[in-house]
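# Secondary and tertiary structure notes
As a plain string of letters, each chain reads:
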Amino acid sequence: MASRRGNAKTQLQSDKYSVLLPTYNERENLPLIVWLLVKYFGESGYNYEIIVIDDGSPDGTLQIAEQLQKIYGSDKIILRPRAQKLGLGTAYIHGIKHATGNFVIIMDADLSHHPKFIPQFIEKQKEGGYDLVSGTRYRGDGGVYGWDLRRKLISRGANFVTQVLLRPGASDLTGSFRLYKKEVLEKLVERCVSKGYVFQMEMIVRARQLDCTIGEVPISFVDRVYGESKLGGNEIVSFLKGLLTLFATT
Amino acid sequence: MTKLLEWVFGVSLIGIAWGLVTFDLLDLQLPPRYKEVAWPMPIYLLVVFGCYSLATVGYRVATFNDCEDAAQELQAQIKQAKDDLKKKGLKM
C-alpha cells in the first residue's frame, strides 16, 4: 500500500480528478464534505480540484465556499455559482466547462456520499480502464444507514422493476456517486432529457447504448437528511413515468 | 430496438408458439398431452414470475446492509472536521 501511494505521488501525474459539487443550501455540510475530500485526496496523492456549483443559495453557502477557498487555495476549490436553482444536468454541464481534470467525480454534497470511496473508484477505474465507475448500495458490502423498512422496500422494489425492464448491466441506477471520464460525461449529459432520479438512470442507459464500460464499487449511503423517508407518492409516480419513458424510447 | 420492442417481439414469439400448440393451428396432430401442458402455461409463467419477484425483492430487502459503522465513523469525522476547520479560521 505504501509503495502504491508513493508511486501515485512520484509518477508523472497526468490524471486529474475534478469533483463536481452542485449545492443548494448546504452551508452546514459544504465545509465538512470539502474537509473530507481534501483529507482523502491528500492521503491518496491523486491530483484533484473541487468545483462548487452553487445555485444562488439563500443560506450563505457561497460565502462559506469563499472562506474554504481562502483556506485551501483557489487552485483546489473552484467556485462556479449560478444565479438560481437550475437542474442537475445543467449543473454538470456548467461544471464540466470549468473542469481541468480528465476525470470527473459527481456526488451529493450532503454527506450521504463519503469521499473515502473516491480512491477506490479511482483504483477500480485504473484496474479496468472503465469509462465510468458507479457506486452501488446494492452489491458487495454496499448499503445504507437511516432507512426504515418502507424506504428499503421501495428502493429494492423500484430497482427490481428497473432491472427487469431495462436490463441495464449495473446494479444501482439511481445512485449519483460516480466517476466518469470527462469526455464520456460530456457525451452522456448532452443526450439525457430526464430529471431527478430518472436522470441518473438515463445516464447509465445511454452509457450502455454507447458501449461504455461500467465498473462498480460498493458504497455506504448515510441518509441523514431524509432519515424519515421523504419519498412520497409524487416521487414514485414521476419515477415510474420516467422509467416507462426510458423503456419505450431506449 | 428499444426495450419495449424487444419485449413485444419476445412476447409475440412465445404467444404464437403457445397459440400454435394449444389451438393446433398448423394441424400438427400433436399428442393431446402437449395441448394439456401448453394451455395453462401463460398463467403458470406469470405466477412463477410473480413468486420469483416477491422472493427476490423480499430477500434483497432482508439482506440490505445497514451501515452502522459508516454512520458512526461519519459522526466522529464531522467532529474532527469542525475542530480542524475552526483552527484554520472558518467561521461557521
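The following paragraphs examine the structure supplied in this document. These numbers come from a predicted model, not from an experiment. (Residues numbered from 1 in each chain as written. Chains lettered and ligands numbered in written order. Predicted model: local features only at pLDDT ≥ 70, side-chain atom pairs only at ≥ 80, totals over all residues. Heavy atoms only, no water.)

### So, the overall build of chain B
- When you go through chain B residue by residue, the secondary structure sums to four helices and zero strands.
- Put simply, chain B runs from its N terminus to its C terminus through helices and strands in the order α-α-α-α.
- By the compact-globule yardstick of 12 Å for 92 residues, chain B is too spread out, its C-alpha radius of gyration being 29 Å.
- Overall size of chain B, expressed as C-alpha extent along the three principal axes, is 90 × 30 × 15 Å.
- Relative to its 92 residues, chain B shows a buried fraction of 21%.
- With the model as given, the accessible surface of chain B reaches about 6,900 Å², and the carbon-plus-sulfur share is 68%.
- Measuring between centres, the 10 positive side-chain charges of chain B sit 14 Å from its 10 negative side-chain charges. (Helix = DSSP H or I, 4+ residues; strand = E, 2+ residues; numbered from the N terminus. Rg over C-alpha atoms; globule rule 2.2 N^0.38 Å. Buried < 20%, exposed > 50% of the residue type's maximum accessible area, 1.4 Å probe, protein only. Areas by Shrake-Rupley, 256 points an atom, 1.4 Å probe, with all protein chains shown as cover. Lys, Arg positive; Asp, Glu negative; His and termini not counted. Charge placed at Lys NZ, Arg CZ, Asp CG, Glu CD.)

### Description of the packing of aromatic side chains
- One pass over the full model with this rule turns up 13 aromatic pairs over all chains.
- Note on Phe-121 of chain A and Phe-177 of chain A: the rings are 4.7 Å apart at their centroids and 45 degrees apart in plane angle, and the pair reads as tilted. Placement of Phe-121 of chain A in helix H5 (residues 118–128) and of Phe-177 of chain A in the loop between helix H6 (149–166) and strand E7 (178–181) is noted, with a sequence separation of 56 residues between them.
- Classification of Phe-121 of chain A by relative accessible area gives buried; the value is 0%.
- According to the relative accessible area criterion, Phe-177 of chain A is buried, its value standing at 1%.
- Taking the centre distance of 5.6 Å and the plane angle of 50 degrees together, the rings of Tyr-138 of chain A and Phe-64 of chain B count as tilted. Residue Tyr-138 of chain A is found in the loop between strand E5 (132–136) and strand E6 (143–145), and its partner Phe-64 of chain B is found in the loop between helix H3 (41–62) and helix H4 (68–88); the two belong to separate chains. Residues Tyr-138 of chain A and Phe-64 of chain B agree in their burial class; the two are buried.
- Through successive ring pairs, a cluster of aromatic residues spans Tyr-138, Trp-147 and Phe-221 of chain A together with Phe-64 of chain B.
- The ring of Phe-64 of chain B carries the charged tip of Arg-156 of chain A above its face, separated from the ring centre by 4.6 Å. (Phe/Tyr/Trp six-rings, centres within 6.5 Å; stacked < 30°, edge-to-face > 60°. Lys NZ or Arg CZ within 6 Å of the ring centre and 35° of its normal.)

### What about the interface of chain A and chain B?
- Opposite the 44 residues of chain A that make contact, chain B presents 35 residues.
- On the chain A side of the contact with chain B, Trp-35, Arg-156 and Phe-160 of chain A bury the most area, a combined 20% of that side's loss.
- Across the pair Glu-73 of chain B and Lys-116 of chain A runs a salt bridge, and its minimum N-O distance is 2.7 Å.
- Those elements that provide at least two residues to the side of chain A that touches chain B are helix H2 (29–44), helix H3 (61–72), E6, H6, strand E9 (220–222) and helix H9 (233–249) of chain A.
- A total of eleven residues in the side of chain A that touches chain B trace back to one element, the largest contributor, which is H6 of chain A. (Contact = heavy atoms within 4.5 Å. Buried area = accessible area lost by both parts, 1.4 Å probe. Salt bridge = Lys/Arg side-chain N within 4 Å of Asp/Glu carboxyl O.)

### A short note on helix H7 (residues 182–191) of chain A
- Taken residue by residue, H7 of chain A has Lys-182, Val-184, Leu-185, Leu-188 and Val-189 of chain A as its buried positions. On an axial view of H7 of chain A, the arc spanned by its buried residues comes to 155 degrees, and they lie on one face. (Arc of directions from axis to C-beta.)

### Overview of the sheet that holds strand E2 (residues 47–54) of chain A
All names here are of chain A.
- Spatial strand order, E3-E2-E1-E4-E7-E5-E8: seven strands in an open sheet with mixed pairing. At either end of the open sheet lies a strand with only one pairing partner, and these are strand E3 (77–79) and strand E8 (214–218). Adjacent strand axes in the sheet meet at a mean angle of 25 degrees, parallel and antiparallel pairs treated alike.
- In terms of strand pairing, E5 meets E8 through five bridges, oriented parallel. Opposite Thr-136, over in E8, you have Pro-218 as the bridge partner. (Pairing = 2+ DSSP bridges. Axes fitted to C-alpha atoms, helices over the stretch in contact; angles between N-to-C directions.)

### Observations regarding H5 of chain A
All names here are of chain A.
- Among the residues of H5, Ile-118, Pro-119, Phe-121, Ile-122 and Gln-125 are the ones counted as buried. Angular distribution of buried residues about the axis of H5 spans 160 degrees; they occupy a single face of the element.
- Positive phi appears at Gly-129, one or two residues downstream of H5, with a value of about 60 degrees.

### Section: unusual backbone geometry
Residue and element names in this part refer to chain A.
- A positive phi angle, near 75 degrees, is found at Leu-111, a position not held by glycine.
- Positionally, Leu-111 belongs in the loop between strand E4 (103–106) and H5.
- Located in the positive-phi region is Arg-167, a residue other than glycine, with phi close to 40 degrees.
- Structurally, the position occupied by Arg-167 is in the loop between H6 and E7.
- The exposure class of Arg-167 is partly exposed, given its relative accessible area of 48%.

### What about the packing of H6 of chain A against H9 of chain A?
Residue and element names in this part refer to chain A.
- Look at H6 against H9: their axes get within 10 Å of each other, and the N-to-C directions meet at 15 degrees. Classed by the angle they form, the pair H6 and H9 counts as roughly parallel. As H6 runs across H9, the sense of the crossing is right-handed. Side by side, H6 and H9 meet where Ile-154, Ala-158, Val-161, Thr-162, Leu-165 and Leu-166 of the first sit next to Ile-236, Phe-239, Leu-243, Leu-244, Leu-246 and Phe-247 of the second.
- For the contact of H6 with H9, a count of residues per class yields eleven nonpolar, one polar and no charged. (Parallel < 35°, antiparallel > 145°, perpendicular 65-115°, else oblique. Left-handed = near helix turned anticlockwise from the far one by under 90°. Nonpolar A, V, L, I, M, F, W, Y, C, P; charged D, E, K, R; others polar.)

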